[in-house]
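Listed below, chain by chain, are the residues.
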Amino acid sequence: MLENLYRRLSAVLLLILALCATVFIGKETVISIVTVILLLAELGISILILKKREKLHVVFISAMVAEGLFLLTREFWLLALSILLLIVAGIWRGLFGHKVRSRVTPLIVVRKVLISIAALIVTALWGIGIYAKPITTPVALPTDAAVTIDERKMDSAAVMLKDIEVMNSFGSRTTGSEGHNQFISWLEQQVTDMGLKVYRDHYTFDRWEEKSSSLMIDQQSIHVSSAFPYSGETDENGVTGDLVYTKRGEYDQASGKIAVIEIENFRNFPSGIVMNMRDSSPMESQIASNEGDLVLTTALKEAKLEQAKEMGVKAVVVVWKGVSDDKVEKQYVPFTTAYVGIPAIWVNETEGKKVINAAQKHKEGTVILEAEIQKNAPTESFYVKIDGKNKDEAIIINTHTDGINVVEENGAVGMLSMIRYLQQEQPERTMIFTFVTGHFRLPDFKGTSQATSTWMEGHRELWDGKKGHMKAVAGITVEHLGSMEWKDDDTGHYRPTGKISTEYTYAGNEMMASIWLKAIEKSDGTRTVLLRGHNKFEFGESQPLFEAGIPVIGFIPMPDYLLVDSEDREMGKFDAKLMNTQIISLLKAVKIVDGTETTKLGKSDGYSFFYGRTK
């Protein structure tokens with residue numbers, strides 16, 4: 001009986017080891033060592049205690065050899081082989097490793113069915129892992145691959161700051177807004193003055209923009225931290241009704257009334273679900289557990305306004321929980337949802353306590369959310385080219401032009417400086433600088449992933465390499481330059497940390513990762529975390545290039561104030577000298593890419609899956 005129990009537990013343990021080795025990226029070394037130890041224990045128990053010699057022992061020994069060789073070489077195929085052997089051993093032990101019984105009981109049938117299902121699941125995950133190949137081999141660039149940038153010939157930090165101030169003068173630049181259109185016109189004039197031809201793509205969409213928002217309870221004003229973008233609108237009198245405290249999605253009891261819901265911020269979101277780290281510089285840099293928490297919270301904990309509208313709710317008040325009042329102020333979130341047609345507003349946790357208390361007493365409230373609705377609003381993307389010696393191959397440098405503050409999005413200003421510098425000498429390949437619209441209206445411009453995919457679909461002749469078309473051999477994405485780090489501290493106060501924001505940089509493959517590390521190796525104060533697209537997530541406008549197989553470097557720091565639509569455009573959190581340093585690194589990367597053979601640049605690895613490496 002004890003022997004049978006041991007074998008059943010052994011089958012489960014073997015499948016768990018295979019599952020862990022497949023799912024937890026970055027933990028392979030620890031899991032391999034544990035696997036070798038447990039397999040040695042398995043052999044010891046079978047041979048020395050149970051006095052059994054089985055054909056299965058050959059599988060155990062083969063798995064240990066594969067694990068050992070993997071620990072020495074880090075070759076992915078050896079890890080994949082060892083996982084397969086663990087699956088085989090688990091199935092063998094679970095289905096065929098027991099004495100044949102004359103009577104088959106329901107318990108035996110259930111146990112074997114469960115083992116079979118578990119084995120199928122682990123095998124399927126193993127197959128996905130084989131397809132994704134989460135472990136890649138670093139590429140060593142030759143010592144002469146480094147390039148220098150003549151800083152006397154490029155824009156100074158003061159020049160960049162002047163351009164930034166012009167951008168800020170247009171105010172908020174949500175997609176298709178007056179400020180956005182003015183910014184695009186200014187950008188086009190800048191590149192035209194450089195002697196470049198502007199190629200435009202015109203689009204229309206239905207635009208929503210807040211004019212004013214407020215909340216009144218008992219004739220007292222409750223501070224609104226921000227409006228819920230593209231939720232809905234009221235007239236100047238607003239909507240009035242009883243306040244009802246409920247859960248998001250449970251709006252039936254708030255029919256004909258104003259619903260009050262809470263959304264708790266993801267303070268320690270398991271970032272390995274959406275990110276997978278390739279490398280870092282300096283080595284101690286790692287993914288912060290609460291990076292991008294408000295964006296992730298509003299994406300994963302939807303307010304479900306559609307259901308509120310269906311239930312006849314007049315308006316929704318959304319209360320933040322677990323995040324400081326200062327951090328949520330003027331946050332333009334979520335920015336990825338479709339227009340709903342029901343007014344909704346955000347209030348911070350302090351004000352939210354007042355609102356919840358009033359709702360629990362069924363007091364009356366008034367929500368005002370005046371908004372401008374513009375049908376068929378015009379907006380445009382555009383691109384310019386610097387012709388290279390090789391006119392069949394292209395490098396795409398891209399960003400988006402819509403945004404709401406100094407860092408979101410200042411990539412276009414940075415690209416002006418890059419164009420001015422790169423114009424001074426003809427590149428080897430044609431440089432295509434793409435300024436896209438729609439990042440702040442993804443329901444209309446998302447295409448396959450981000451707004452750049454809409455542009456790409458309209459200009460396949462510039463990148464897909466088919467007959468008569470140019471082939472894009474690489475892409476560089478420029479976003480969120482010069483951002484300093486601000487965080488909620490342990491006491492709940494939102495303040496600067498004194499560090500620059502983590503410079504998250506997506507690398508499409510190991511060659512592009514090596515190029516970026518080479519580009520920043522002499523930079524002062526870098527804080528780079530190199531990422532791979534993971535579980536179908538790649539934040540920023542490099543994603544469409546990555547998904548098209550184009551090897552990318554996607555520069556996208558993600559400060560907590562990225563989506564703050566404040567009057568001062570968050571200038572107090574911006575550093576022009578840092579922006580200048582980052583542009584120098586991006587220029588180095590472009591020049592190294594331009595000097596690298598196409599075959600060596602390769603193509604994007606594709607997404608990794610399961611739980612990514614975070615440090």
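Going by the structure above, here's the rest.
What comes next is a walk through the structure. (Residues numbered from 1 in each chain as written. Predicted model: local features only at pLDDT ≥ 70, side-chain atom pairs only at ≥ 80, totals over all residues. Heavy atoms only, no water.)

## Some details on the overall build of the protein
1) Next: Scanning the protein from terminus to terminus reveals 18 helices and 17 strands.
2) Next: A compact globule built from 615 residues would reach a C-alpha radius of gyration of about 25 Å, and the protein, at 28 Å, matches this within 12%.
3) Next: Its C-alpha atoms give the protein principal-axis dimensions of roughly 85 × 70 × 50 Å.
4) Next: Residues counted as buried form 56% of the 615 residues belonging to the protein.
5) Next: Sequence-distant contacts in the protein: of pairs separated by 6 or more residues, those separated by 24 or more amount to 83%.
6) Next: Working note: accessible area of the protein is about 26,600 Å², and carbon and sulfur atoms make up 55% of it.
7) Next: Between the averaged position of the 68 positive side-chain charges in the protein and that of its 77 negative side-chain charges there is a distance of 11 Å. (Helix = DSSP H or I, 4+ residues; strand = E, 2+ residues; numbered from the N terminus. Rg over C-alpha atoms; globule rule 2.2 N^0.38 Å. Buried < 20%, exposed > 50% of the residue type's maximum accessible area, 1.4 Å probe, protein only. Contact = heavy atoms within 4.5 Å. Areas by Shrake-Rupley, 256 points an atom, 1.4 Å probe, with all protein chains shown as cover. Lys, Arg positive; Asp, Glu negative; His and termini not counted. Charge placed at Lys NZ, Arg CZ, Asp CG, Glu CD.)

## Structural notes on a nonpolar patch on the surface
1) Next: A grouping of Trp 77, Leu 81, Leu 84, Val 88, Trp 92 and Phe 96 is seen on the molecular surface, where their side chains present a nonpolar patch of about 580 Å² in accessible area.
2) Next: The topology assignment puts Leu 84 in helix α4 (residues 76-96). (Patch = residues over 30% accessible without salt bridge, like charges linked within 9 Å, V, L, I, M, F, W, Y side chains within 5 Å. Salt bridge = Lys/Arg side-chain N within 4 Å of Asp/Glu carboxyl O.)

## Some points on the layout of surface pockets
1) Next: Here the largest pocket defines a volume of roughly 920 Å³.
2) Next: Only α8 (293-300), α13 (442-445) and α16 (543-547) provide two or more residues apiece to the lining of the largest pocket.
3) Next: Classifying every residue of the lining of the largest pocket gives 21 nonpolar, 13 polar and nine charged. (1 Å grid on protein atoms, 1.4 Å probe; cavity = no way out; pocket = protein on both sides within 12 Å on 5 of 7 lines; lining within 4 Å. Points joined across faces, edges and corners; volume = space filled by probe spheres on them. Nonpolar A, V, L, I, M, F, W, Y, C, P; charged D, E, K, R; others polar.)

## Section: the side chain of Thr 175
1) Next: Relative to the helices and strands, Thr 175 is located in the loop between α6 (157-169) and α7 (178-193).
2) Next: Separated by 2.6 Å, the side chains of Thr 175 and Asp 402 make a polar contact. (Polar contact = N/O pair within 3.5 Å; in protein donor to acceptor, adjacent residues only side chain to side chain.)

## Details of the packing of α6 against helix α17 (residues 576-594)
How two helices pack is summed up by the angle between their axes together with the distance between the axes.
1) Next: Axis separation between α6 and α17 bottoms out at 8 Å; the angle between their running directions is 110 degrees. On the basis of the axis angle, α6 is roughly perpendicular to α17. Between α6, through Ala 157, Met 160, Leu 161 and Ile 164, and α17, the contact on the second element is made entirely by Ala 576, Lys 577, Met 579, Asn 580 and Ile 583. (Axes fitted to C-alpha atoms, helices over the stretch in contact; angles between N-to-C directions. Parallel < 35°, antiparallel > 145°, perpendicular 65-115°, else oblique.)

## Overview of the pattern of salt bridges
A side chain with one charge can pair with a side chain of the opposite charge if their charged atoms come near.
1) Next: If you walk through the whole model with that rule in mind, you get 30 salt bridges.
2) Next: With a shortest N-O distance of 3.6 Å, Asp 206 and Lys 375 are connected by a salt bridge. With Asp 206 in strand β1 (residues 199-217) and Lys 375 in strand β9 (residues 364-386), this pair connects stretches of sequence that are 169 residues apart.
3) Next: Ionic pairing is found between Asp 293 and Lys 327, a salt bridge with its closest N-O pair at 2.8 Å. Here Asp 293 is found in helix α8, whereas its partner Lys 327 is found in helix α10 (residues 325-328), with 34 residues between them in sequence.
4) Next: Among the ionic contacts, a cluster of salt bridges with common partners joins Glu 291, Asp 293, Lys 327, Lys 487 and Asp 560.

## Side note on the nonpolar core
1) Next: By size, the foremost hydrophobic cluster in this structure holds 126 residues, and its most contacted members are Val 316, Ile 397, Met 418, Phe 433 and Ile 515.
2) Next: Once you skip the residues sitting within four places of it in the chain, Ile 397 turns out to touch Met 415, Met 418, Met 431, Ile 432, Phe 433, Thr 434, Ile 476, Val 478 and Val 590.
3) Next: Grouped together as the second largest cluster of nonpolar side chains are 24 residues, Leu 43, Ala 80, Ala 89 and Val 122 included. (Core = buried A, V, L, I, M, F, W, Y, C linked by side-chain atoms within 4.5 Å.)

## Some words on the pairing of strand β17 (residues 552-555)
1) Next: The side-chain alternation of β17 yields two buried faces, one formed by Val 552 and Gly 554 and the other by Ile 553 and Phe 555.
2) Next: Bridging between strand β12 (residues 471-478) and β17 involves four bridges; their strand directions are parallel. Paired with Val 478 across the two strands is Phe 555, which belongs to β17.
3) Next: Across three bridges, the pairing between strand β15 (residues 503-507) and β17 is antiparallel. Looking at the pairing, Thr 505 lines up with Phe 555 of β17. (Pairing = 2+ DSSP bridges.)

## Remarks on the packing of helix α2 (residues 28-49) against helix α3 (residues 56-73)
1) Next: In the contact formed by α2 and α3, the axes pass within 10 Å of each other and the chain directions differ by 155 degrees. Between α2 and α3, the angle is such that the two are roughly antiparallel. As for the relative orientation of α2 and α3, their crossing is left-handed in sense. Residues Glu 28, Thr 29, Ser 32, Ile 33, Thr 35, Val 36, Leu 39, Leu 40, Glu 42, Leu 43, Ser 46 and Ile 47 of α2 form the contact with α3, whose own contacting residues are His 57, Phe 60, Ile 61, Ala 63, Met 64, Glu 67, Phe 70 and Leu 71. (Left-handed = near helix turned anticlockwise from the far one by under 90°.)

## Quick notes on the packing of aromatic side chains
Geometry of an aromatic ring pair is reported as the spacing of the ring centres plus the angle between the planes.
1) Next: In the structure shown here, the tally under the stated rule is 18 aromatic pairs.
2) Next: When the ring of Trp 208 is compared with that of Tyr 230, the centres are 5.6 Å apart and the planes differ by 40 degrees; the resulting orientation is tilted. Here the residue Trp 208 occupies a position in strand β1, and Tyr 230 occupies one in the loop between β3 (226-227) and β4 (239-245), the gap between them amounting to 22 residues.
3) Next: Judged by its relative accessible area of 4%, Tyr 230 falls in the buried class.
4) Next: Ring pairs connect the aromatic residues Phe 170, Phe 183 and Trp 186, which therefore count as one cluster.
5) Next: Directly above the ring of Tyr 230 sits Arg 441, whose terminal nitrogen or CZ lies 3.5 Å from the centroid.
6) Next: Here the basic side chain of Lys 573 rests over the ring of Trp 486, its NZ or CZ set 4.3 Å away from the ring centre. (Phe/Tyr/Trp six-rings, centres within 6.5 Å; stacked < 30°, edge-to-face > 60°. Lys NZ or Arg CZ within 6 Å of the ring centre and 35° of its normal.)

## Quick word on α17
1) Next: The end-to-end C-alpha distance of α17 is 27 Å, a good match for the 27 Å that 19 residues give at a rise of 1.5 Å each.
2) Next: A large share of α17 lies buried, amounting to 16 of its 19 residues.
3) Next: With a side-chain oxygen lying 2.8 Å from the backbone nitrogen of Lys 577, the N-terminal cap of α17 falls on Asp 575. (Expected span 1.5 Å × (residues − 1).)

## Structural notes on unusual backbone geometry
Most peptide bonds take the trans form, and the phi angle of most residues other than glycine is negative.
1) Next: A cis amide bond, omega -15 degrees, links Val 333 with the succeeding residue Pro 334.
2) Next: Mapped onto the secondary structure, Pro 334 falls in the loop between α10 and β8 (344-347).
3) Next: At the junction of Glu 408 and Glu 409, the peptide bond is cis and its omega measures out at 10 degrees in the coordinates.
4) Next: Mapped onto the elements, Glu 409 comes out in the loop between β10 (390-400) and α12 (411-422).
5) Next: Positive phi is not limited to glycine here, since Lys 133 has a value of about 50 degrees.
6) Next: Within the secondary structure layout, Lys 133 lies in the loop between α5 (106-132) and α6.
7) Next: Owing to a relative accessible area of 43%, Lys 133 belongs among the partly exposed residues under this scheme.
8) Next: Phi angles above zero are rare outside glycine, and Asp 218 is one such case at about 55 degrees.

## Some words on the environment of Thr 528
1) Next: With respect to the helices and strands, Thr 528 occurs in strand β16 (residues 528-532).
2) Next: Relative accessible area serves as the criterion here: at 1%, Thr 528 is assigned to the buried category.
3) Next: The contacts of Thr 528, once residues within four sequence positions are left out, are Ser 280, Ser 281, Ser 285, Glu 503, Thr 505, Trp 516 and Ile 520.
4) Next: For Thr 528, the side chain forms a polar contact with the side chain of Thr 526, separated by 2.9 Å.

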